Amino acid sequence: MSVQTAGDTGQGTAEQTRLPYVSVLVLTLMQVTLVIDNSVVNVALPEIQRALGFSAAGLSWVVTSYALVFGGLVLVSGKVGSIIGPRRALLTGIAIFVAASALGGFAGTPAMLIAARVLQGIGAALAAPSTLVLLMSITRPGVQRARAMSLFVLSIGLGAGLGLTLGGALTTGLGWQWVMFINVPIGALVFFGVRARIPETERHSSRLDVGGAAASTIGMSALVYGLTTAADQGWTSSTVIGSFVLAAAGLAVLVVTERRHSSPVVPLSFFQRMSSAAPLLAMMLIPAGQFGFLYFAALYTQDVLDFTPLQTGLAVLPFTAGMLTTNFTVSRLVTRYGERLVGSLGMVGLASGLAWMSSITPAGGYLGGLFGPFLLLGLGAGLTIGPLTTVIMHNAPPEHLGAASSLNQAMQQLGGATGLSVLSTVFAGTAASSGKATGISTALTLAIVFPLLALLLFAVWARPLGKRRENRADTEQTTPRD
């Protein structure tokens, strides 16, 4: 009898730790697609301008329109997913994203391409929060979920690094249209993979908080637009100030509305305790430094070292290699030492990598000035994002997982926009008098502040997940087999 019990226990333990790889890879491929879409388009912008006749001001809307729609809708989409079901929301978002990508590839005018980018933003906003909710639903807390999160983080790093390389290769070899067309086969693969492998989770029947949805959309859209245009037009321009005023009004109305609603778009409980608010704020600060590093890396390699777009993409591969390296160890580290310690170590790595990279000079070259920092930044990112995301999602009750995922995405969007705006302003002011290399170095020095602030928030206020993980393990959905 005792032998049988031991065998059953061993089998149960193996079942709890065995990762449903096919299901997880389908979901992470969706995240790769969304991250790649941003970087491949950025690389192709000069060719798009020549081919379609964009003005200099109009060209920025190829990027801004997507960011504006995604940022404006991402909070609402989490709530929509919880009402109609995350799987259905993800499939709908993928379908819109794929159709918009095809439309963008066939675009013959600037207006048609901008319209396609708006539709891509709608599809991405609907799909992104549901991806993380479904990933949580098909894995159990502990080793299994840590492994899934490490793959999810790797997908972000792969998307960021490979997007630059892929964008340069596609633009050079096949034409700019293929930075849009490439999403079609990948998106179709994800669509049918989700239909075949991912079960629907429990829906939470409630009516949509229309007031909160409108206020969050207006507030987030205005805030993203103000941050996106501040670097070009200046922080004191009437357009930027007006955007921030509208954003403040929209978010103030959101707070008032959500306090009275029984099923809010943004549960205010996330911000009533530092144990749940601090990880969200940390998630906003991490992309502020990381997006700045990728932007200035492309600027330094192409404008200072005279790299081609393809060479720039290849130059960033050590960053991806660093993330790949930590991907093999982070799940074991988290299981043994906990999310707070591992995530904090990663933030130290990010700050150290930015400090190292800030010492670049025109004569430093790639090996002397960039290779080492790229690798260290990749190692740091691989140790940071997974534990931080896990803590954010664990702070949410089951009925608010969609909202937690939306907030996670929104904080990343706001952090990236804030970091680029602030650092670009510093760069422009310094580069005008001291040259581009000095401007980049100064901006990267300031960027160190972002991961250090995130470290303070996360290390001090993030709660260990051990007890909550054990308590919730029995109540969450059993892992589907692959």
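What you are looking at is a predicted structure, and each value in this text was computed from that prediction instead of being measured. (Residues numbered from 1 in each chain as written. Predicted model: local features only at pLDDT ≥ 70, side-chain atom pairs only at ≥ 80, totals over all residues. Heavy atoms only, no water.)

1. A few points about the overall build of the protein chain
Item 1. Within the protein chain, the secondary structure is distributed over 21 helices and zero strands.
Item 2. For 482 residues, the compact-globule estimate of 2.2 N^0.38 gives 23 Å, and the C-alpha radius of gyration of the protein chain, at 22 Å, lies within 12% of that figure.
Item 3. Referenced to the eigenvectors of the C-alpha coordinate spread, the extents of the protein chain come out at roughly 80 × 50 × 45 Å.
Item 4. For the protein chain, the proportion of its 482 residues judged to be buried stands at 57%.
Item 5. For the protein chain, contacts bridging at least 24 residues in sequence account for 83% of all contacts bridging at least 6.
Item 6. Roughly 19,000 Å² of accessible area belongs to the protein chain as shown, and the carbon and sulfur atoms make up 66% of that amount.
Item 7. Computing the positive centroid from 26 side-chain charges and the negative centroid from 17, the protein chain places the two 5 Å apart. (Helix = DSSP H or I, 4+ residues; strand = E, 2+ residues; numbered from the N terminus. Rg over C-alpha atoms; globule rule 2.2 N^0.38 Å. Buried < 20%, exposed > 50% of the residue type's maximum accessible area, 1.4 Å probe, protein only. Contact = heavy atoms within 4.5 Å. Areas by Shrake-Rupley, 256 points an atom, 1.4 Å probe, with all protein chains shown as cover. Lys, Arg positive; Asp, Glu negative; His and termini not counted. Charge placed at Lys NZ, Arg CZ, Asp CG, Glu CD.)

2. Quick notes on unusual backbone geometry
Item 1. In this model, Asp306 sits at a positive phi of 60°, which is unusual for a non-glycine residue.
Item 2. Structurally, Asp306 can be placed in the loop between α12 (274-304) and α13 (309-315).
Item 3. Taking relative accessible area as the criterion, Asp306 reaches 61% and is therefore assigned exposed.

3. A few points about a nonpolar patch on the surface
Item 1. A cluster of nonpolar side chains, contributed by Leu162, Leu310, Leu314 and Leu317, occupies part of the molecular surface with about 290 Å² of accessible area.
Item 2. With respect to the secondary-structure elements, Leu162 resides in helix α7 (residues 143-173). (Patch = residues over 30% accessible without salt bridge, like charges linked within 9 Å, V, L, I, M, F, W, Y side chains within 5 Å. Salt bridge = Lys/Arg side-chain N within 4 Å of Asp/Glu carboxyl O.)

4. Here we look at the packing of aromatic side chains
Item 1. Within the structure shown, the criterion is met by twelve aromatic pairs.
Item 2. Ring centres of Phe293 and Phe319 lie 5.2 Å apart, and the angle between their planes is 50°; this geometry places the pair in the tilted category. Of this pair, Phe293 sits in helix α12 while Phe319 sits in helix α14 (residues 317-327); the two residues are 26 residues apart in sequence, bridging distant segments of the chain.
Item 3. Classification of Phe319 by relative accessible area gives buried; the value is 1%.
Item 4. Seen from their ring centres, Phe293 and Phe374 are 5.5 Å apart, and the 65° between their planes marks the pair as edge-to-face. Of this pair, Phe293 sits in helix α12 while Phe374 sits in helix α17 (residues 365-394), and the two are 81 residues apart along the sequence. Of the two residues, Phe293 and Phe374, neither departs from the other in class, the shared state being buried.
Item 5. By the ring-pair criterion, three or more aromatic residues cluster together here, those being Phe293, Phe307, Phe319, Tyr366, Phe371 and Phe374. (Phe/Tyr/Trp six-rings, centres within 6.5 Å; stacked < 30°, edge-to-face > 60°.)

5. Examining the pattern of salt bridges
Item 1. One pass over the structure, following the stated rule, counts one salt bridge.
Item 2. The residue Glu47 makes a salt bridge to Arg50 at a minimum N-O spacing of 3.0 Å. One end of the pair is Glu47 and the other is Arg50, both in helix α2 (residues 21-52) and three residues apart, which spans about a single turn.
Item 3. Residue classification places Glu47 among the partly exposed residues on the basis of a relative accessible area of 29%.

6. Quick look at the nonpolar core
Item 1. Core analysis: the biggest nonpolar cluster contains 108 residues, and Phe293, Met357 and Phe374 have the highest contact counts within it.
Item 2. The element contributing the most residues to this core is α12, with 13 residues.
Item 3. Not counting chain neighbours up to four residues away, the residues in contact with Phe374 comprise Phe293, Ala297, Ala315, Val316, Pro318, Phe319, Met357 and Tyr366.
Item 4. One finds Ala44, Leu45, Val62 and Trp176 within the second-largest nonpolar core, a separate group that totals 19 residues. (Core = buried A, V, L, I, M, F, W, Y, C linked by side-chain atoms within 4.5 Å.)

7. Brief notes about the side chain of Glu258
Item 1. When you line up the elements, Glu258 lands in helix α11 (residues 238-260).
Item 2. Lys79 is the oppositely charged side chain nearest to the buried, salt-bridge-free Glu258, at an N-O distance of 8.2 Å.
Item 3. A polar side-chain atom of Glu258 sits 2.7 Å from the main-chain amide nitrogen of Val265.
Item 4. When neighbours within four sequence positions are excluded, Glu258 is seen to be in contact with Asp209, Gly212, Pro264, Val265, Val266 and Leu268. (Polar contact = N/O pair within 3.5 Å; in protein donor to acceptor, adjacent residues only side chain to side chain.)

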